[in-house]
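Structure assessment
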Amino acid sequence: MILLGNAAWTLLATHPVDQIDLDAVADMAGVERGPAGVLSGSVQGLVLAKMTRLDRQSLMETYDDIQDAGAVSIREKIIEGLLHWFETYAPYRSQINHLNQSARSHPDLALKLLVSLEAVIRRTLVMSGDPALGLKGMVRVKGVAGVFLATARIWMQDDSNDLAATMKMLDQRMLRAEEWGISLRIFEGGRSHDVSDGSI
């Protein structure tokens, strides 16, 4: 399954998802075509499984970084988590571009990508110290997801080694989201209280 996922991911660099043939994936992976179909089901499923592995890798690396960071704010931890996702996927901008192309004409794929993104955001918030519970928690997840999507447009064009433009946009968008959240009482308290409580 991992071999098939890696092969599908490689082909995604040059083709949208809906133009990748499962037999071509099997051939690249060195797996017989019949068993490949049974194991994978679809190219879309293979691609999403590969992204799940990359997301898990990014989250675990971020968790380790957060544990070593000491007393920093929840907001800073969230920014670190989102920035590390961009760093993890930096070699795969072509894949992300083709996924976006396919998602525009395939609502099922768009929905799965959104659900996957929100799951990553929720786990990022939780390990940053925000339990993201209840209605306010759901709104915070969606708000940070919005920050992520807005920043991703800059990231796609940011070829600097340190992702400086991405970091600048991420910081600006998070600050704006935090201000809106506080004004709407989605986040409790102000930024001066964000080191230890459940607000961003």
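Residues numbered from 1 in each chain as written. Predicted model: local features only at pLDDT ≥ 70, side-chain atom pairs only at ≥ 80, totals over all residues. Heavy atoms only, no water.

1. Digging into the side chain of S58
By the secondary structure assignment, S58 is in helix 4 (residues 43-69). A relative accessible area of 2% places S58 in the buried class. With sequence-adjacent residues up to four places away left out, S58 is seen in contact with H84, W85 and T88. (Helix = DSSP H or I, 4+ residues; strand = E, 2+ residues; numbered from the N terminus. Buried < 20%, exposed > 50% of the residue type's maximum accessible area, 1.4 Å probe, protein only. Contact = heavy atoms within 4.5 Å.)

2. Some details on unusual backbone geometry
If a residue is not glycine, its phi is most likely negative; likewise, a peptide bond is most likely trans. Positive phi is not limited to glycine here, since A132 has a value of about 50°. Along the polypeptide, A132 turns up in the loop between helix 7 (107-128) and helix 8 (134-155). Positive phi, normally seen in glycine, also occurs at L163, with a value near 50°. One can find L163 in the loop between helix 8 and helix 9 (164-183). Given a relative accessible area of 4%, L163 falls into the buried group.

3. Some remarks on the nonpolar core
Core analysis: the biggest nonpolar cluster contains 49 residues, and W9, V25, W85, Y89, L99 and I121 have the highest contact counts within it. Among the secondary structure elements, those contributing two or more residues to this core are helix 1 (2-12), helix 2 (22-29), helix 4, helix 5 (74-89), helix 6 (93-105), helix 7, helix 8 and helix 9. Among all residues touching I121, those that are not within four sequence positions of it are L82, V141, V144, A145 and F148. (Core = buried A, V, L, I, M, F, W, Y, C linked by side-chain atoms within 4.5 Å.)

4. Focus on the packing of aromatic side chains
In total, this model carries nine aromatic pairs according to the counting rule given. Arranged with centres 5.9 Å apart and planes meeting at 65°, the rings of W85 and W155 form a pair that is edge-to-face. In this pair, W85 sits in helix 5 while W155 sits in helix 8, placing the two residues 70 residues apart along the sequence. Accessibility classification places W85 together with W155 in one group, the buried group. Summarising the aromatic geometry, the rings of F86 and F148 are spaced 4.9 Å apart at their centres and angled 10° between planes, so their arrangement reads as stacked. Of the two residues, F86 sits in helix 5 while F148 sits in helix 8, which places them 62 residues apart along the sequence. For the residue pair F86 and F148, the accessibility class agrees, reading buried in each case. (Phe/Tyr/Trp six-rings, centres within 6.5 Å; stacked < 30°, edge-to-face > 60°.)

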